[in-house]
Amino acid sequence: MASHSDFDSAHDMLDLEIHSLRDFVELFPAQGLSKVLTGYLSSGISKFPLKEKESEPPDLSEGGVALEDGPLSQEDCLVLMTEGIIESKDSPLAHCLLADYYLFLEEYESAVETARKGLTLAAKESQKTDLSFQRIRDALSSTLATALIYYQSPKNHGEAKEIFSSILKRKPDFTPALIGVGLILEEEEEYAQAIDFLGKALAQDPSNGRIGAELAWCQALNGDYNTGLSRLQEFLEYPQMDSSKQRGRELKAQTLYRIGVCIWELDSSAVARKNRQGAYAQFLASVKTNPNFAPPYTKLGIFYEDYKNDRKRARQCFQKAFELSPSELVAAERLARSFADQGEWDIVEAIAQRVVDSGKVRPTPGSKTKKGVSWPYSALGVVQMNRQEYQKSVVSFLSALRISPDDYHSYVGLGESYHNSGRYNSAARTFKYAENPTDGVVMKDSGEKWFTKYMLANVNRELGEYDTAIKEYEEVLSMRPTEFGVSIALLQTFVDKAWRCIEIGFFGGAADSAKRAIEVAVDIAEYRSDAFNLWKAVGDAATVFTMVQERLDSAPLASIADLLRVGCDSENYDTHKELDGIGSEALNSLVSSKSDHLRTRLTSVIQASILAKKRAIISCANDIHAQAVAWYNLGWTEYRAHVCLEQDISSETKASKSVFLRASMRCFKRAIELEAGNTEFWNSLGVVTTTLNPKVAQHAFVRSLHLNERNVRAWTNLGALYLLENDIELAHQAFSRAQSTDPDYAHAWVGEGIVALLYGDTNEALSHFTHAFELSGSGSLLTKRQYSVSSFDYLVSSSAKANNITHLIQPLFALHQLVFLDPHAISYRHLAALYLERVGNYDGAISALSTICETTEAEYETSESASSLSRFAQAKADLARNYLAVHNYTSAVEEAEVALDLTSDEDSLKPVMTASALQKMRLSARLTAGLSQYYLNDMDASISFFRTALEESNSSPDIICLLAEVLWAKGGENERGVAKDQLFTCIENHPEHVGAVVLLGAMAVMDEDTETMDAIKDELSSLRTKDGLDEHLRARIEKVLDAVAALSGGEEDKEAEVKRSIMLAPWQSVGWTELADSADDAFPATMALKTATRSVPPNGELDAVDLAKAFAGTGTIGDAQRAVMLAPWAKEGWNALTGAIAQG
């Protein structure tokens, strides 16, 4: 579109007498209007100069110089006119001329403001003088409307049209208005109408080449390039194209450029466009005519780049075009792409930002045809992504998409920015929309749709949706089978899924994922066996099996061995053999390894993992940073080998067999040499040197914390080091710092728990261990070990909690996972069996203890060590007790006797067992044997075991009660007398022992011994109010008291005793249940049910059977059904249901 400078100026439209203006300037040079006139007439936009040219130049033959003033520059003219407008601020003419000059300078905003002010002044003058001032008002209106065409285009096109229309109503042939409307229509791409208006304007002034050239260009833009070309060539000869004048040069350069465009578009063949005599010659002529005209430079750049393959000249042309005008969007885009291909992102950013600042990229408000340009925002987004300024890149890509909602690549960039900034849900929505728009938008076909699915898979992987990510990766690979990046991502996803499965306790799923990872790695190695990430992932997959040792038999050792041979000779694995002795021989042994022995399989898997990590080092020989990471990874694998294979070696031989530990230390040292500023490398060195050299370990941890004082692992490891060095206070400080750094780090809480144990605060320790267990994942062995052991110690020390199953379930689950992760942990398998015994799963406990007995027996036969003997004997004693629980009395006796035989030599067990522990184990075996013999009706053998137990336990009241029961059951008068005597002695020595008093009272009731009953009644009456009694003990006391009352005074005394019990403890169900059994009223049964429902856990310790009895006591069908549901194995519920149905 032509600029205003191509057409008549405001002074030309006013048709003022030039001589009068010159005289005014000469007579009143100090006036503001004179300054405005001087600047305007000197600027070159008026038809007339300030001074007439003399017909003959002055004669300087006899010496002297000309006294004429030199020409004023545009800056001088603007300064002069600005000074003048201040002095003549009420002059409409001054404002008209200044607005026209602003329009010439393309300062459209200033032109609009000045013209509006001029119109206001003209209106005021018209009111004062009653003169219309129509010509100057038309000139101002024409200037204003023309400026509005370009100012915030096309926002103000409506107002400009209205102004031109108002002028045309009065002056239908007013040329500037016709031109203005034509320019507006041209800007709106309404070329047919523009041709009509410009044709009318040309009819008014046929000799005006400016109008004719614009008309011809509109015809070309309307598709008639032949007509446009011929007419443009015709108008080149018009006087307005005079190259000696500035305006003429600009117009001619523009016309030559347009002629070149017409030739360019008329024949789009490569031969025609390569012709230097065609469009190229016109563009070159345009540049020569006006070197500051930008568009021909853009076309020349396209010519050199697309048709001459001269990228250097093309870049020079694009640079020149963009320097002259930021509106040259094609030149800017090609220039930006060129620099982007070379990685010159700073220059790309400068270009894109300049285009954005030009205001040409956004679609103009109200425009029906013109669209915005989105690539500058996309380019800015790419630059910001490369700088990791993801928040800024999100804004840039969103701006690009507002302009071009169908730009596929901008959606990809936006999704990637969301992904890299951690906004995974937003990234997922973006990629899904780019892949399948839901609102009817048709994306620009890029041919690279797979990339969206790939990035969506990456997002799902980050979100932990591994199954979805795997499916999407596989879909991409079905389209691009050898896309290395996608294959590696799939491989790493399988590994990540395996670790996640370990963390959440899906150990079988972890092993399956590791196997799938190996399968994917085999496929990758076929076409890219030298990738560092490939071998790192293979090593990690193999390491998974060392974490889930219960699934070691499913480790694909043969596949890993074959994989390790791909693209690499076996001898290459001997490069780092001096570290740990693992090289080509170990690789060959992987293939021949057929052993099912757990230890052998574990060794083979660890060797495979180490070989894979060594292969990773070989693969990144030319990348120092990758080498540092590879040595770091190998170091942890060596340390894992130490943990699995060396850590359980006896202390006297450990120093000579810590090969993997020392190898790990050397690996970490090598990693630090390559990258000394990595905090994790120093922390790892501290871990492996903790037992080798505590001073080095402390230095390493301090160095790690110096690099990153918020490294919670380093603080925790430092605390562990201080614990090993018996500096409890410093350990406490380090663990506290770790907790404050990251309160969710479980091992810091474990450390504080150990500190609490060392201070003797077992309750505080259990609290810390419990919290650590809740925070940690399923793969943490340390938290499970400490939590389960501490919980068991607490349960053993607290009789009130020992039988509460809610306190047993969680530690039992922890031990179940621990045993799955580390089947070698015999002591924890044994502990799990003890928990199973306490929850009533005797079959499970027997199975576990039988396995432990076999293992420890084999170990003892091999080593004959005292520790193996003690574990074997303890397992036998516990196994006997569980056989007793399942009524397998014969086996119980056999196992108990074996345990007693194994522990007969107490001196040999003293180094590994304390005297009290040994006494408890033997006592347990004797009691188990005694009870089993009792149930086998071998009373003599039973009494023998109990008497020996009584001697060993220093007359324990519990054992006295058991012995008394057996003596009583034997049935002889003498035995029953002895039983009573034993109980009397026990009560005398232990008056608070409830079991002895209750048992003696029961014997007295059965013998109807009134004297004893009276004595026992007083004892029981005092014990019934004792604090801390559980429901079962209290029920036993009440039953004996009821029986005593019934024998002493009949049913009335029994009922009175029951009521007394209720008065003493109305919140407990025992008394109400007894009263309901002896009374016909429904109220006691209802109260028994209400109190029972309030006594179940967590409010009390009433079990399911007792609660079912309370429901059965009401006699209703509904409560009887509830009783059956609560305890279907208890007969009370079924009896109540039968009776209720019969009554109904």
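Residues numbered from 1 in each chain as written. Predicted model: local features only at pLDDT ≥ 70, side-chain atom pairs only at ≥ 80, totals over all residues. Heavy atoms only, no water.

Brief notes about the overall build of the chain
Next, step 1: When helices and strands are tallied, the chain shows 61 helices and zero strands.
Next, step 2: Counting every position in the chain, which comprises 1144 residues, the buried fraction comes to 50%.
Next, step 3: Taking the intrachain contacts of the chain between residues at least 6 apart in sequence as the baseline, contacts between residues at least 24 apart amount to 57%.
Next, step 4: Carbon and sulfur atoms form 49% of the exposed surface of the chain, whose accessible area is close to 54,400 Å². (Helix = DSSP H or I, 4+ residues; strand = E, 2+ residues; numbered from the N terminus. Buried < 20%, exposed > 50% of the residue type's maximum accessible area, 1.4 Å probe, protein only. Contact = heavy atoms within 4.5 Å. Areas by Shrake-Rupley, 256 points an atom, 1.4 Å probe, with all protein chains shown as cover.)

Some words on the pattern of salt bridges
Next, step 1: For the structure on display, the rule yields 36 salt bridges.
Next, step 2: Close ionic contact of R528 with D530 constitutes a salt bridge, the shortest N to O distance being 3.2 Å.
Next, step 3: Relative accessible area serves as the criterion here: at 35%, R528 is assigned to the partly exposed category.
Next, step 4: In this structure D530 comes out as partly exposed when scored by relative accessible area, which is 49%. (Salt bridge = Lys/Arg side-chain N within 4 Å of Asp/Glu carboxyl O.)

Observations concerning helix 19 (residues 345–358)
Next, step 1: Spanning 14 residues, helix 19 covers 20 Å between terminal C-alpha atoms, matching the ideal 20 Å at 1.5 Å per step.
Next, step 2: By the burial criterion, the buried members of helix 19 are V348, I351, A352, V355 and V356. Projected down its long axis, helix 19 carries its buried residues within an arc of 135°, all on one side. Facing away from the buried surface of helix 19 by more than 90 degrees, the exposed residues are D346 and D357.
Next, step 3: Immediately beyond the C-terminal end of helix 19, within one or two residues, lies G359, with a positive phi of roughly 80°. (Expected span 1.5 Å × (residues − 1). Arc of directions from axis to C-beta.)

Observations regarding the UniProt feature "repeat: TPR" (unreviewed entry) in the chain
Next, step 1: Mapped onto this numbering, the UniProt entry gives "repeat: TPR" (unreviewed entry) at residues 175–208, 374–407, 450–483 and 712–745.
Next, step 2: In the segment residues 175–208, helix accounts for 79% and strand for 0%; the C-alpha atoms at its two ends are 11 Å apart.
Next, step 3: Secondary structure content for residues 450–483 is 79% helix and 0% strand, and the end C-alpha separation is 11 Å. (UniProt positions renumbered as here; feature names shortened; annotations may be inferred.)

Quick look at the nonpolar core
Next, step 1: Counting residues in each nonpolar core, the largest one holds 140 residues, and the members touching the most others are L491, L534 and L564.
Next, step 2: Dropping the residues within four chain positions of it, L564 is found in contact with W535, Y573, L587, L590, A608, L611, A612 and R615.
Next, step 3: Core analysis: the second largest hydrophobic core is formed by 111 residues, A94, L148, L183 and Y280 among them. (Core = buried A, V, L, I, M, F, W, Y, C linked by side-chain atoms within 4.5 Å.)

Section: the packing of aromatic side chains
Next, step 1: Following the criterion strictly, the structure yields 25 aromatic pairs and no others.
Next, step 2: When the ring of F507 is compared with that of F820, the centres are 5.2 Å apart and the planes differ by 20°; the resulting orientation is stacked. A residue pair is termed long-range when its members are at least 10 positions apart, and F507 in helix 27 (residues 507–525) and F820 in helix 44 (residues 809–821) qualify at 313 residues.
Next, step 3: Classification of F507 by relative accessible area gives buried; the value is 5%.
Next, step 4: Classification of F820 as partly exposed rests on a relative accessible area of 21%.
Next, step 5: Clustering of aromatic rings is evident, with ring pairs tying together Y257, W264, F283, F293 and Y307.
Next, step 6: Stacked on the ring of F197, the Lys or Arg K200 has its end atom at 5.4 Å from the ring centre.
Next, step 7: The aromatic ring of Y280 is capped on one face by R276, whose charged end is 5.0 Å from the ring centroid. (Phe/Tyr/Trp six-rings, centres within 6.5 Å; stacked < 30°, edge-to-face > 60°. Lys NZ or Arg CZ within 6 Å of the ring centre and 35° of its normal.)

A look at the side chain of Q384
Next, step 1: Take Q384: it is sitting in helix 20 (residues 375–386).
Next, step 2: The buried category is assigned to Q384, whose relative accessible area is 10%.
Next, step 3: Among all residues touching Q384, those that are not within four sequence positions of it are E389, K392, S393 and S396.

Looking at the packing of helix 37 (residues 694–707) against helix 38 (residues 712–724)
Next, step 1: Between helix 37 and helix 38, the least distance of the axes is 9 Å, while the angle of their chain directions is 155°. Regarding the angle of helix 37 to helix 38, the classification is roughly antiparallel. As helix 37 runs across helix 38, the sense of the crossing is left-handed. Across the interface between the two elements, P694, A697, Q698, F701, S704 and L705 of helix 37 pack against A714, W715, N717, L718, L721 and Y722 of helix 38. (Axes fitted to C-alpha atoms, helices over the stretch in contact; angles between N-to-C directions. Parallel < 35°, antiparallel > 145°, perpendicular 65-115°, else oblique. Left-handed = near helix turned anticlockwise from the far one by under 90°.)

Some words on helix 18 (residues 329–341)
One turn of an α-helix holds 3.6 residues; hence residues three or four places apart share an orientation.
Next, step 1: For helix 18, with 13 residues, the first-to-last C-alpha span of 18 Å sits near the 18 Å given by 1.5 Å per residue.
Next, step 2: Where helix 18 is concerned, the buried positions are L329, A331, A332, L335, A336, S338 and F339.
Next, step 3: The inward-facing, buried residues of helix 18 contact helix 16 (295–307), helix 17 (311–324), helix 19 and helix 20.
Next, step 4: In the stretch just after helix 18, G343 is the one whose phi turns positive, near 75°.

Looking at a negative patch on the surface
Next, step 1: A cluster of acidic residues, E106, E107, E109 and E113, forms a negative patch on the protein surface.
Next, step 2: Relative to the elements of secondary structure, E106 occurs in the loop between helix 5 (92–104) and helix 6 (108–129).
Next, step 3: Residue classification places E106 among the partly exposed residues on the basis of a relative accessible area of 46%. (Patch = residues over 30% accessible without salt bridge, like charges linked within 9 Å, V, L, I, M, F, W, Y side chains within 5 Å. Lys, Arg positive; Asp, Glu negative; His and termini not counted. Charge placed at Lys NZ, Arg CZ, Asp CG, Glu CD.)

Here's the deal with unusual backbone geometry
Next, step 1: Positioned with a positive phi, Q388 is a non-glycine residue whose angle comes to about 65°.
Next, step 2: Within the secondary structure, Q388 is located in the loop between helix 20 and helix 21 (390–403).
Next, step 3: Positive phi, normally seen in glycine, also occurs at N937, with a value near 65°.
Next, step 4: Relative to the helices and strands, N937 resides in the loop between helix 50 (915–935) and helix 51 (939–952).
Next, step 5: When its relative accessible area of 62% is taken as the criterion, N937 is described as exposed.

Focus on the confidence of the model for the chain
Next, step 1: In the predicted model, the chain carries a mean pLDDT of 83, and the fraction of residues at 70 or more is 87%.
Next, step 2: Here residues 63–68 is modelled with pLDDT under 50, and outside its nearest four sequence neighbours on either side it reaches three contacts, counting other chains as well.
Next, step 3: Predicted confidence is poor over residues 650–656, with pLDDT under 50, and the contacts of this stretch with residues over four places away or in other chains come to three contacts. (pLDDT = per-residue confidence, 0-100.)

Thoughts on the side chain of T543
Next, step 1: Within the secondary structure, T543 is located in helix 28 (residues 532–547).
Next, step 2: For T543, a relative accessible area of 12% translates into the label buried.
Next, step 3: The residues contacting T543, other than those within four sequence positions of it, are W499, S609 and R640.

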